[in-house]
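Descriptive analysis of the structure
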Amino acid sequence: EAQVTQNPRYLITVTGKKLTVTCSQNMNHEYMSWYRQDPGLGLRQIYYSMNVEVTDKGDVPEGYKVSRKEKRNFPLILESPSPNQTSLYFCASSFSGGSYEQYFGPGTRLTVT
Amino acid sequence: EDKVVQSPLSLVVHEGDTVTLNCSYEVTNFRSLLWYKQEKKAPTFLFMLTSSGIEKKSGRLSSILDKKELFSILNITATQTGDSAVYLCAVETYDSWGKLQFGAGTQVVVTP
C-alpha cells in the first residue's frame, strides 16, 4: 500500500530534550516536506526536499533540522524543543515538487512542556 | 511578502446547499494553486490549477483560477454532511520551486 508513515504519532516531552520525528514514504517520490499546523494558522512549511541531499527552508524553519540521506526518509529533528513548538506535524511527499499531489502522513502530535 | 488569503474563515450550510470558497493570493512569479480537503486527519488532494479559466471538476466539486484577478474559487454543489471539513489552498511559485504557502483554511460545516 502506498503510504507515508510518521513516528511517533504522539509525543510529550520536556523543554530542551532532543527528539527526532521520522518520516518514510514507499512511493519513490522525489519531493518530501514537513509542515506544522496550529489552530487558525493553516499549514506552515518547515523544510522541504526536492531530492536526496537537497533541502531548503520553508516559512518556519527556526528550531528545526532535517536531513535527506535516502530517498524514502526525511526525519525532522528538534535539537532543543521549546513550548512554542507544541503543534501537529505532518510529513508529505510527492512525485516532484509542490505542484504535484502531495500524500500526507497521519501526523505527529507533539507537546513540549 | 507572499500572501495567501482564504475566505470565509468558516461557514455553516444545510445539506443540499451550494458552497463557494475563495482563495486569493499575492505572490511573485506564480506557478500553481492547489486545493486540499482536511477532515479530522491529514489533508487530501483535490485540485491543482495552473491556467486561468479552465475549470477542474470532480463529482460535485469544481475549481477555477483567475490569474488576472489573482484568486481561485472552489465550489461544492449539493453539499452532504461528508463535505464537512477544512478546505486549504496553497500556492507555489517559480522563484521558490517546492516551497508551498498555505492559506489559513476555510472550515465548512454541513448540517443535516
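In case you missed it, the structure is sitting above this.
The sections below set out a description of the structure shown in this document. Predicted model only: the values in this text are computed from it and were never measured.

1. What to know about the overall build of chain A
A tally of helices and strands in chain A yields zero helices and 11 strands. Along the chain direction, N to C, the helices and strands of chain A fall in the order β-β-β-β-β-β-β-β-β-β-β. Expressed as lengths along the three principal axes of its C-alpha atoms, the size of chain A is roughly 35 × 30 × 25 Å. A total of 113 residues make up chain A; the buried ones form 50% of that total. Long-range pairs, those at least 24 residues apart, make up 54% of the contacts in chain A with a sequence separation of at least 6.

2. A word on the sheet that holds strand S1 (residues 4-7) of chain A
Residues and elements named next belong to chain A. One open sheet accounts for four strands, arranged S1-S3-S8-S7; its pairing is antiparallel. Since the sheet does not close on itself, it has two edges, and those belong to S1 and strand S7 (65-66), each with one partner. Direction of pairing for S1 relative to strand S3 (residues 19-25): antiparallel, over a ladder of four bridges. Residue Gln-6 lies in a different strand from S3, and its bridge partner there is Cys-23.

3. A look at the interface of chain B and chain A
Opposite the 21 residues of chain B that make contact, chain A presents 22 residues. Summed over both partners, the interface of chain B with chain A comes to about 1,600 Å²; 54% of that surface belongs to carbon and sulfur atoms. When the buried surface of chain B facing chain A is broken down by residue, B:Lys99, B:Leu100 and B:Phe102 rank first, second and third, together holding 28% of it. B:Lys99 is the salt-bridge partner of A:Asp59, the closest N and O atoms lying 3.4 Å from each other. At the junction of chain B and chain A, the tally comes to 10 residue pairs in polar contact (both at pLDDT 80 or more). Contributions of two or more residues to the side of chain B that touches chain A are made by strand S4 (30-38), strand S5 (44-49), strand S9 (85-93) and strand S10 (100-102) of chain B. It is S4(B) that contributes the most residues to the side of chain B that touches chain A, five residues altogether. For the side of chain B that touches chain A, the residue count by class is 11 nonpolar, six polar and four charged.

4. As for the nonpolar core
If you look at the biggest cluster of nonpolar residues, it comprises 22 residues, and the most contacted ones within it are B:Leu21, B:Tyr25, B:Phe30, B:Leu33, B:Trp35, B:Tyr87 and B:Val91. Elements with a contribution of two residues or more to this core: strand S3 (19-26), S4, S5, strand S7 (61-66), strand S8 (71-76), S9 and strand S11 (106-111) of chain B. With near-sequence residues (within four places) excluded, B:Val91 lies in contact with B:Val4, B:Tyr25, B:Val27, B:Phe30, B:Ser32, B:Leu33, B:Lys99, B:Leu100 and B:Gln101. Among the nonpolar cores identified, the runner-up in size contains 19 residues, and A:Val21, A:Met32, A:Ile46 and A:Val60 belong to it.

5. Some thoughts on the sheet that holds strand S1 (residues 3-7) of chain B
Residue and element names in this part refer to chain B. Strand order in the open sheet formed by five strands is S1-S3-S8-S7-S6, with antiparallel pairing between adjacent strands. Each edge of the open sheet carries a strand with a single partner, namely S1 and strand S6 (56-58). On average, each strand axis in the sheet is tilted by 15 degrees relative to the strand beside it, whichever way the strands run. With three bridges connecting them, S6 and S7 associate as antiparallel partners. Within S7, the position partnered with Lys-57 by the bridge is Ser-62.

6. Some words on the side chain of A:His29
All names here are of chain A. Examined against the element boundaries, His-29 turns out to sit in the loop between S3 and strand S4 (31-37). Only 2.8 Å separates the side chain of His-29 from the side chain of Ser-93, close enough to count as a polar contact. At 3.4 Å, the side chain of His-29 and the backbone nitrogen of Ser-94 are in polar contact. Not counting residues up to four positions away in its chain, the partners in contact with His-29 are Arg-68, Lys-71, Ser-93, Ser-94, Phe-95 and Tyr-103.

7. Topic: the packing of aromatic side chains
Residues and elements named next belong to chain B. Following the criterion strictly, the structure yields 11 aromatic pairs over all chains and no others. Here Tyr-25 and Phe-30 contribute two aromatic rings whose centre-to-centre distance is 4.7 Å and whose plane-to-plane angle is 20 degrees, an arrangement assigned as stacked. Accessibility classification places Tyr-25 together with Phe-30 in one group, the buried group. Look at Tyr-94 and Trp-97: their rings are 6.2 Å apart centre to centre, the planes differ by 85 degrees, and that puts the pair in the edge-to-face class.

The rules behind the values
- Residues numbered from 1 in each chain as written.
- Chains lettered and ligands numbered in written order.
- Predicted model: local features only at pLDDT ≥ 70, side-chain atom pairs only at ≥ 80, totals over all residues.
- Heavy atoms only, no water.
- Helix = DSSP H or I, 4+ residues; strand = E, 2+ residues; numbered from the N terminus.
- Buried < 20%, exposed > 50% of the residue type's maximum accessible area, 1.4 Å probe, protein only.
- Contact = heavy atoms within 4.5 Å.
- Pairing = 2+ DSSP bridges.
- Buried area = accessible area lost by both parts, 1.4 Å probe.
- Salt bridge = Lys/Arg side-chain N within 4 Å of Asp/Glu carboxyl O.
- Polar contact = N/O pair within 3.5 Å; in protein donor to acceptor, adjacent residues only side chain to side chain.
- Nonpolar A, V, L, I, M, F, W, Y, C, P; charged D, E, K, R; others polar.
- Core = buried A, V, L, I, M, F, W, Y, C linked by side-chain atoms within 4.5 Å.
- Axes fitted to C-alpha atoms, helices over the stretch in contact; angles between N-to-C directions.
- Phe/Tyr/Trp six-rings, centres within 6.5 Å; stacked < 30°, edge-to-face > 60°.

These values are about where atoms sit, not about what they do.
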